[in-house]
Amino acid sequence: AGGDTPAGVLTQALVAALIVIVVLAAVFSTSEYRRGLIRTTLASLPDHRHVLAAKATVIGGLGFAVGAAAAAVSIPLGRHAEATNGNYLFPLDTFTEARVIVGTGAILALTAVAVLALGALVRKTAGAVIGGIVVFVLPVVRPRGIETAAAAAPTANPSPPITVALAASTCL
């Protein structure tokens, strides 16, 4: 899982972007609670769902725009750098490149919205950041962590909940 391949470089860049978006979304959702300004917000707009929906739209749109723009710039630059170094590049059609760009934006947008919701639940920046990093960043850094823990379990035949957890961890 090194950075010597285009996929490794993209994964490392995605991890850095995930950490930044987790921190931004956590601060975005918890700063009103920390400073007590949530009372002013709810006095002007009493329905908390509308406030949360507006925040989710803003942070999700920001995450998507930043992720898609970064992928749109980095894919051609990375392919050029690899070709300049004499590496063979498999052909990449426009549809595949567009899927990678939109997918990268979607990953960052969904992560931002989920951490925003987590911040609204815990109402503490540190808790939202730690929760976001544990849930969204660590599976990217160590994708085999759950499988390794399941293999170290004393039973050779995992129970159905562990099997479901293993299947879910490979989908992340």
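Please refer to the structure placed before this passage.
Calculation rules
Residues numbered from 1 in each chain as written. Predicted model: local features only at pLDDT ≥ 70, side-chain atom pairs only at ≥ 80, totals over all residues. Heavy atoms only, no water. Patch = residues over 30% accessible without salt bridge, like charges linked within 9 Å, V, L, I, M, F, W, Y side chains within 5 Å. Areas by Shrake-Rupley, 256 points an atom, 1.4 Å probe, with all protein chains shown as cover. Salt bridge = Lys/Arg side-chain N within 4 Å of Asp/Glu carboxyl O. Helix = DSSP H or I, 4+ residues; strand = E, 2+ residues; numbered from the N terminus. Buried < 20%, exposed > 50% of the residue type's maximum accessible area, 1.4 Å probe, protein only. Phe/Tyr/Trp six-rings, centres within 6.5 Å; stacked < 30°, edge-to-face > 60°. Axes fitted to C-alpha atoms, helices over the stretch in contact; angles between N-to-C directions. Parallel < 35°, antiparallel > 145°, perpendicular 65-115°, else oblique. Left-handed = near helix turned anticlockwise from the far one by under 90°. 1 Å grid on protein atoms, 1.4 Å probe; cavity = no way out; pocket = protein on both sides within 12 Å on 5 of 7 lines; lining within 4 Å. Points joined across faces, edges and corners; volume = space filled by probe spheres on them.

Participant: Break down a nonpolar patch on the surface for me, with residues and values.
Facilitator: A grouping of Ile130, Val134, Val135, Leu138 and Val141 is seen on the molecular surface, where their side chains present a nonpolar patch of about 420 Å² in accessible area. The topology assignment puts Ile130 in helix H5 (residues 125-141). By relative accessible area, which is 54% here, Ile130 ends up exposed.

Participant: Outline the packing of aromatic side chains, supporting the account with residue identities and numerical values.
Facilitator: Counted by the stated rule, this structure contains 1 aromatic pair. Between Tyr88 and Phe90, the aromatic rings sit 5.2 Å apart at their centres with planes inclined by 85 degrees, giving edge-to-face as the arrangement. Taking the relative accessible area as the measure of exposure, Tyr88 reaches 62% and is therefore exposed.

Participant: So what about the packing of helix H3 (residues 48-84) against helix H4 (residues 94-122)? Which residues, and what values?
Facilitator: The geometry of H3 relative to H4 is characterised by a closest axis approach of 7 Å and an angle of 150 degrees between their N-to-C directions. Considering their axes alone, H3 and H4 lie roughly antiparallel with respect to each other. The handedness of the crossing between H3 and H4 comes out as right-handed.

Participant: A description of unusual backbone geometry should follow, citing residues and the corresponding values.
Facilitator: Phi at Arg123 takes a positive value of approximately 60 degrees, unusual for a residue other than glycine. Positionally, Arg123 belongs in the loop between H4 and H5. You can call Arg123 partly exposed: its relative accessible area is 46%.

Participant: Explain the pattern of salt bridges residue by residue, including any values.
Facilitator: A pair can form between side chains of opposite charge whenever their charged atoms are brought close. Here the structure, examined in full by the defined rule, presents 2 salt bridges. Among the salt bridges present, the one from Lys55 reaches Glu32, with a minimum N-O distance of 2.7 Å. With Lys55 in helix H3 and Glu32 in helix H1 (residues 6-35), this residue pair connects regions lying 23 residues apart in the sequence. Each member of the pair, Lys55 together with Glu32, is buried.

Participant: Explain empty space enclosed by the protein to me, and be specific about the residues and the numbers.
Facilitator: As enumerated under the stated definition, the model contains 1 cavity of 30 Å³ or more in all. Considered as a void within the structure, the largest cavity measures approximately 40 Å³ in volume. Lining the largest cavity, in full, are Ser29, Glu32, Tyr33, Ile38, His48, Val51, Leu52, Lys55 and Ala120. Sorting the residues of the lining of the largest cavity by element identifies H1 and H3 as the ones contributing at least two each. The greatest single-element share of the lining of the largest cavity, amounting to 4 residues, is contributed by H3.

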